[in-house]
Amino acid sequence: MNVLDVDGLKKFFHTRVGAFGGKPVTVRAVDGVSFHIETGEAFGLVGESGCGKSTVGRAVLHLIPPDAGRVALHGQDLMQLDPAELRALRPSMQMIFQDPYSSLNPKQKVGAALAEPIRVHGRGSGPEAERIVADLLQEVGLPAEAANRYPHEFSGGQRQRIAIARALTLDPDLIIADEAVSALDVSIQAQILKLLSEIMQRRGLSFLFISHDLGVVRVFCKRLAVMYLGRIVESGPVGPVFDTPLHPYTQILRAASPIPDPSARTELVRLSGEIPSASNPPPGCHFHPRCPFATDLCRTVTPKTTEPVTGRHVACHLHDPAQADAMRATKPLAAKELYFP
Amino acid sequence: MSATSASSGGLVQTFNRNKLSWVGIVLFMVLCLIAIFAPFVAPYGPIDQSVMTRMRPPSMEHLFGTDAFGRDQFSRAVYGARISLSVGVVSVFLGMSVGGLLGVLAGYFGKRIDTVIMRSMDVLLSFPTLITGIVIVALLGPSLTNVIVAITVTLIPKFARIARAPTLAVKERAYIEACRAMGFSHARIILFHIVPNILTEILVMASLWTANAIMIEAGFAFLGLGVRPPTPTWGGMIREGFEHIFQAPWMSIFPGLCILLAVLSLNLIGDGLRDALDPRLKQVRDMG
Amino acid sequence: MTDTVLQVRNLTTSFYIGGEWHPAVRGVSFDLARDETLAIVGESGCGKSVTVMSIMRLLPEAGSRIEGEILLDGVPIGTDPEAMQKLRGDRMAMIFQEPMTALNPVLRVGFQVAEPLMQHRGLSREAAMEEAVRLLELVGIPSAKSRAREYPHQFSGGMRQRVMIAMALACEPEVLFADEPTTALDVTIQAQVLGLLEDLRHDKGMGLLLITHSMGVVAAVADRVAVMYAGAIVETGPVDKIFAGPVHPYTEGLLRSIPRPDRDAQDIYSIPGAVPSIDKMPKGCRFAPRCPLKINRCETVDPVLVEITPGHFAACLVRAGEPS
Ligand SMILES: Nc1ncnc2c1ncn2[C@@H]1O[C@H](COP(=O)(O)OP(=O)(O)OP(=O)(O)O)[C@@H](O)[C@H]1O
Ligand SMILES: Nc1ncnc2c1ncn2[C@@H]1O[C@H](COP(=O)(O)OP(=O)(O)OP(=O)(O)O)[C@@H](O)[C@H]1O
Ligand code: SF4
Ligand code: SF4
Ligand SMILES: [Mg+2]
Ligand SMILES: [Mg+2]
């Protein structure tokens with residue numbers, strides 16, 4: 001059974017821009033996102049800044065209430081639960097954040113921070129909680145003395161270990177890691193990735209792994225989804241998606257990701273322009289202003305998600321047999337100055 | 001571990017570096033001890049009258065001189081410290097607890113709750129302190145309790161404002177989200193994860209406002225709105241001395257100095273706390 | 001080489017911490033040619049930024065000490081603060097990592113780009129503004145004329161970085177220092193900015209010193225690489241040689257710890273431990289506590305750069321040996 005099923009998830013923010021109240025805008029941060037995570041699997045979520053990755057993570061955890069859609073943990077729909085039931089279910093889903101500096105309470109000793117959830121959920125008290133904490137610290141590679149120190153006494157990498165230990169206190173089934181290694185140096189990043197893989201193997205955990213680094217996703221995840229302006233544009237197994245990306249956006253993302261090999265050096269992208277904002281997404285296919293294959297059809301019709309290869313989903317008219325004729329018939333948009341592999 | 005430890009000296013260390021704030025603490029402690037042990041410190045009773053020694057200037061027998069009833073002004077100042085300090089401390093403590101809590105609730109829950117709380121605080125705040133106090137004391141009658149109530153009411157909106165701003169900032173930190181993900185109740189998150197992180201900001205203001213409250217109490221007493229005579233308070237003593245300001249200036253000067261000393265010590269403490277707070281804020285800012 | 005524009009000789013920068021001077025940069029030497037990109041890589045805290053700040057003399061006077069020689073076009077610089085002030089933003093320019101903090105939020109973008117032109121070239125306000133618009137066009141800001149009248153907060157991260165580049169380029173500097181210019185940006189925008197930098201470097205014949213901690217970025221744009229560890233250059237050479245055959249165990253470790261988007265089934269390698277802080281530097285080879293090849297001698301002898309093949313130097317007792 002799947003750990004997590006997400007179906008048509010939507011989350012809109014209503015804010016105002018400009019001085020003196022300003023004009024109200026709706027940010028369609030997550031606009032109909034569906035995916036599932038199998039037990040023991042790490043599922044990657046990639047995309048540019050502001051495309052809605054973190055919002056998906058928060059909405060899945062119900063830290064912010066989703067506007068529409070279904071989020072089911074072990075087949076149980078979270079939207080149907082009352083607050084008390086939801087709170088009882090919280091231990092099974094935990095989160096690790098990007099910034100190891102703001103994700104720990106600076107006024108709380110590490111030991112107390114780790115023991116608190118154990119006590120609150122009645123999983124142990126006094127010496128028993130202490131023993132669990134000691135085991136957790138050992139599991140994440142920190143000395144037992146760490147329990148008596150405050151977070152500011154640790155380096156970024158060590159803090160991230162503490163945050164991981166805290167996420168493990170309640171023995172969750174699913175961990176949502178939001179850019180959990182993005183703020184770390186390469187060598188520390190590798191250390192943390194290694195730790196996470198070990199924990200995943202040992203505990204049979206599942207991960208929703210949010211990242212903008214394709215390399216990190218490739219080593220850590222089995223499958224992934226690529227997001228663009230609140231929608232998933234492509235999903236599938238990591239290897240094939242990165243080696244033969246189907247969606248033009250994935251292709252560009254992949255081409256722009258630096259590879260540490262000067263012999264594979266290619267011409268760098270020379271396009272200008274900005275990423276459109278989620279508060280004012282372009283009509284039709286959100287990607288059409290940046291897409292080298294865009295046609296008039298793309299400008300008006302939102303592409304459907306199809307499965308051109310088994311296990312791989314993509315939302316682009318190019319891969320929709322139903323639109324093949326229409327795509328051929330409409331004229332391409334003006335050629336853009338854009339690099340394409 | 002070593003890389004960060006240098007930049008993150010705790011509150012205590014920074015506070016230690018500021019010598020003057022320690023002077024403030026010692027001074028305030030001495031004043032408090034004097035107030036607590038007044039019967040042992042004061043050589044005479046606070047209301048013991050003596051016709052023989054009326055309006056005597058300061059001497060070895062009567063350090064602060066005597067008043068029109070021949071009462072020892074030093075003993076009265078010592079007993080007066082009890083009233084003045086306890087009015088300051090108690091009203092600030094109450095104002096801080098109630099106002100602080102309201103501010104934290106407003107900041108934490110936001111939306112409707114925020115609007116309702118902060119609008120009512122704005123209304124309270126729009127009346128000048130002394131006017132509010134006079135109205136309350138006039139309605140309830142002059143007494144120690146009512147003076148404390150009056151000052152507390154004027155302090156509540158101030159503390160609510162001071163508490164709300166840092167709550168808004170702390171609320172956005174990832175560890176609060178982590179707490180919610182772990183299924184902690186709002187009460188636990190507020191008490192154990194928000195309050196400790198905004199406490200320093202509030203304590204700075206508390207120490208400064210204690211000084212303020214002492215002065216307000218003196219002002220009430222001076223206007224005759226405070227504790228009823230013959231119970232000594234510093235403000236009351238100044239008022240009594242005012243009638244004889246030219247013949248017996250010591251009657252007003254010494255209680256005035258007492259107020260000055262208390263206010264000064266609290267301001268030094270407040271400044272020390274603020275200094276201790278600032279580098280930490282800076283560090284947080286550096287971390288982005 | 002007549003082509004050399006910047007020469008750095010034995011640069012040592014120390015900070016005064018706890019009553020003692022501790023070097024954050026030790027004996028760093030390198031050359032930078034016109035139309036060349038030299039990348040300095042290394043983990044956080046290795047002294048990359050301090051190196052550049054020392055060359056630009058942007059470190060606070062109090063508590064820091066800079067030794068060594070810096071030559072711009074063969075002429076020693078850095079001793080006279082007033083002359084340095086004239087050079088900065090004119091013949092040597094710099095781009096920072098955080099484009100938001102480096103731009104003044106209350107001044108219009110166009111004016112900020114025009115400022116160095118008025119300051120260093122004595123252009124009139126109108127002429128400088130005209131030139132600023134041309135520069136903003138050059139760095140690929142659409143409808144530059146109207147956007148020049150906007151404020152930094154109205155620009156996205158990538159656009160702000162372009163503005164920074166336009167500012168740095170205003171006086172056509174001979175040397176451009178870019179301190180992690182793309183770290184805060186998305187990969188697609190990073191590729192744009194790096195591409196832009198490369199084009200401009202080539203068109204103007206600038207020397208580009210690029211600081212980064214991303215080996216991927218190095219592989220994409222650098223001609224030569226200098227790997228820094230704990231304040232010193234431990235390996236330097238042409239980019240293809242360093243990537244194809246890293247000599248220093250630190251370079252090797254860095255290369256092995258990068259997760260690659262183009263390869264399957266990778267074992268994650270990680271260099272154990274962390275960069276020591278400058279007041280807790282180990283004796284001998286500073287990489288010894290983290291080095292898998294360490295021998296006893298490493299704990300006492302400080303290795304120096306040895307030439308392995310022409311232009312490729314490394315400082316490792318085991319891998320590169322000691323100079324005879
Ligand atoms: N609380 C909020 N109120 C209003 N808008 C929001 C809020 N949270 C997020 N947004 C907007 O929703 C969009 C998606 O944000 P989100 O943080 O999910 O992006 P992301 O993919 O995680 O980006 P990043 O890589 O920068 O973390 C953005 O345009 C953001 O500005
Ligand atoms: N003003 C200063 N006073 C004392 N120490 C300093 C100062 N500036 C930098 N350092 C120290 O010098 C060392 C090198 O710092 P530097 O900023 O050059 O690192 P970096 O390689 O640029 O790292 P990053 O990738 O994090 O930018 C660090 O250990 C740092 O703590
Ligand atoms: S639907 Fe059209 S615009 Fe969108 S990605 Fe496909 S080809 Fe490009
Ligand atoms: S000198 Fe020794 S410790 Fe240093 S890098 Fe070489 S082998 Fe490792
Ligand atoms: Mg995010
Ligand atoms: Mg730096």
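Remember, predicted model here, so these are calculated numbers, not experimental data.

Calculation notes
- Residues numbered from 1 in each chain as written.
- Chains lettered and ligands numbered in written order.
- Predicted model: local features only at pLDDT ≥ 70, side-chain atom pairs only at ≥ 80, totals over all residues.
- Heavy atoms only, no water.
- Helix = DSSP H or I, 4+ residues; strand = E, 2+ residues; numbered from the N terminus.
- Rg over C-alpha atoms; globule rule 2.2 N^0.38 Å.
- Buried < 20%, exposed > 50% of the residue type's maximum accessible area, 1.4 Å probe, protein only.
- Contact = heavy atoms within 4.5 Å.
- Lys, Arg positive; Asp, Glu negative; His and termini not counted.
- Charge placed at Lys NZ, Arg CZ, Asp CG, Glu CD.
- Buried area = accessible area lost by both parts, 1.4 Å probe.
- Salt bridge = Lys/Arg side-chain N within 4 Å of Asp/Glu carboxyl O.
- Polar contact = N/O pair within 3.5 Å; in protein donor to acceptor, adjacent residues only side chain to side chain.
- Near = heavy atom within 4 Å.
- Areas by Shrake-Rupley, 256 points an atom, 1.4 Å probe, with all protein chains shown as cover.
- Nonpolar A, V, L, I, M, F, W, Y, C, P; charged D, E, K, R; others polar.
- Phe/Tyr/Trp six-rings, centres within 6.5 Å; stacked < 30°, edge-to-face > 60°.
- Axes fitted to C-alpha atoms, helices over the stretch in contact; angles between N-to-C directions.
- Parallel < 35°, antiparallel > 145°, perpendicular 65-115°, else oblique.
- Left-handed = near helix turned anticlockwise from the far one by under 90°.
- pLDDT = per-residue confidence, 0-100.
- Pairing = 2+ DSSP bridges.

Draft legend 1. Layout of the overall build of chain C. What chain C contains, in helices and strands, is 11 helices and 12 strands. Taking 324 residues into account, the globule formula puts the C-alpha radius of gyration at 20 Å, and chain C, at 21 Å, falls close to it. Viewed in the frame of its principal axes, chain C has a C-alpha envelope of about 65 × 50 × 40 Å. Each of the 324 residues in chain C was classed as buried or not, and the buried ones make up 56%. For chain C, long-range pairs separated by at least 24 residues make up 64% of all intrachain contacts whose partners lie at least 6 apart in sequence. Considering chain C, the positive charge centre built from 32 side chains and the negative charge centre built from 40 side chains are found 3 Å apart.

Draft legend 2. Representation of the interface of chain C and chain A within the structure. At the interface, 48 residues of chain C touch 40 residues of chain A. Taking both partners together, chain C and chain A bury about 3800 Å²; carbon and sulfur atoms supply 59% of that area. In terms of surface lost to chain A, no three residues of chain C exceed Pro-259, Pro-261 and Ile-268 of chain C, which account for 19% of the buried area on that side. In this structure, the connection of chain C to chain A is made through one salt bridge. Residue Arg-218 of chain A pairs with Asp-264 of chain C through a salt bridge whose shortest N-O separation is 3.1 Å. Our count for the chain C to chain A interface comes out at 13 residue pairs in polar contact (both at pLDDT 80 or more).

Draft legend 3. Structural view of the site of ligand 2. Residues and elements named next belong to chain C. Taken together, Phe-15, Ala-24, Glu-43, Ser-44, Gly-45, Cys-46, Gly-47, Lys-48, Ser-49, Val-50, Glu-180 and Ile-278 form the complete shell of residues around ligand 2. A distance of 3.2 Å separates an oxygen atom of ligand 2 from a polar backbone atom of Cys-46. One of the side-chain nitrogen or oxygen atoms of Glu-180 is found 3.3 Å away from an oxygen atom of ligand 2. Within the complex, 66% of the 640 Å² of free accessible area of ligand 2 lies under protein. Counted by class, the shell around ligand 2 contains five nonpolar, four polar and three charged residues.

Draft legend 4. Geometry of the packing of aromatic side chains. Within the structure shown, the criterion is met by 12 aromatic pairs over all chains. For the pair Tyr-228 of chain A and Phe-287 of chain A, a centre-to-centre distance of 5.1 Å together with 80° between the ring planes defines the contact as edge-to-face. Separated by 59 residues along the polypeptide, Tyr-228 of chain A in strand β9 (residues 223-228) and Phe-287 of chain A in the loop between α9 (248-256) and α10 (296-300) bring together distant segments of the chain. For Phe-287 of chain A, a relative accessible area of 1% corresponds to the buried category. Between Phe-159 of chain B and Trp-209 of chain B the ring centres are 5.0 Å apart and the planes differ by 80°, which places this aromatic pair in the edge-to-face class. Remark: Trp-209 of chain B occurs in helix α10 (residues 186-222) and Phe-159 of chain B occurs in helix α8 (residues 144-171); sequence separation between them is 50 residues.

Draft legend 5. Expanded view of the packing of helix α3 (residues 110-120) of chain A against helix α5 (residues 156-168) of chain A. Residues and elements named next belong to chain A. Direction vectors running N to C along α3 and α5 enclose 20°, while the axes themselves pass 8 Å from each other. It follows that α3 is roughly parallel to α5 by the angle criterion. Here the hand of the crossing between α3 and α5 comes out right-handed. Judged by residue contacts, Val-110, Ala-113 and Leu-114 of α3 engage Ile-162, Ala-165 and Arg-166 from α5. In the contact of α3 with α5, the residues fall into five nonpolar, no polar and one charged.

Draft legend 6. Expanded view of the confidence of the model for chain B. Residue and element names in this part refer to chain B. With 86% of its residues at a pLDDT of 70 or more, chain B has an overall mean of 78. The low-confidence segment residues 1-9, where pLDDT is below 50, has 16 contacts with residues more than four positions distant or belonging to other chains. Confidence drops under a pLDDT of 50 for residues 280-288, and excluding neighbours within four residues, the segment shows nine contacts in the predicted structure.

Draft legend 7. Here's a closer look at the sheet that holds strand β12 (residues 312-315) of chain A. All names here are of chain A. If you trace the eight strands from one edge of the open sheet to the other, you get β6-β7-β8-β3-β9-β10-β12-β11, paired in mixed fashion. The open sheet is flanked by β6 (93-96) and β11 (305-309), the only strands paired with a single partner. With strand direction ignored, the average angle separating the axes of adjacent strands in the sheet is 20°. As paired elements, strand β7 (residues 174-178) and strand β8 (residues 206-210) share five bridges and run parallel to each other. Paired with Ile-176 across the bridge in β8 is Leu-208. Packed onto the sheet, α5 meets β6 and β7 and runs at close to 175° relative to β6.

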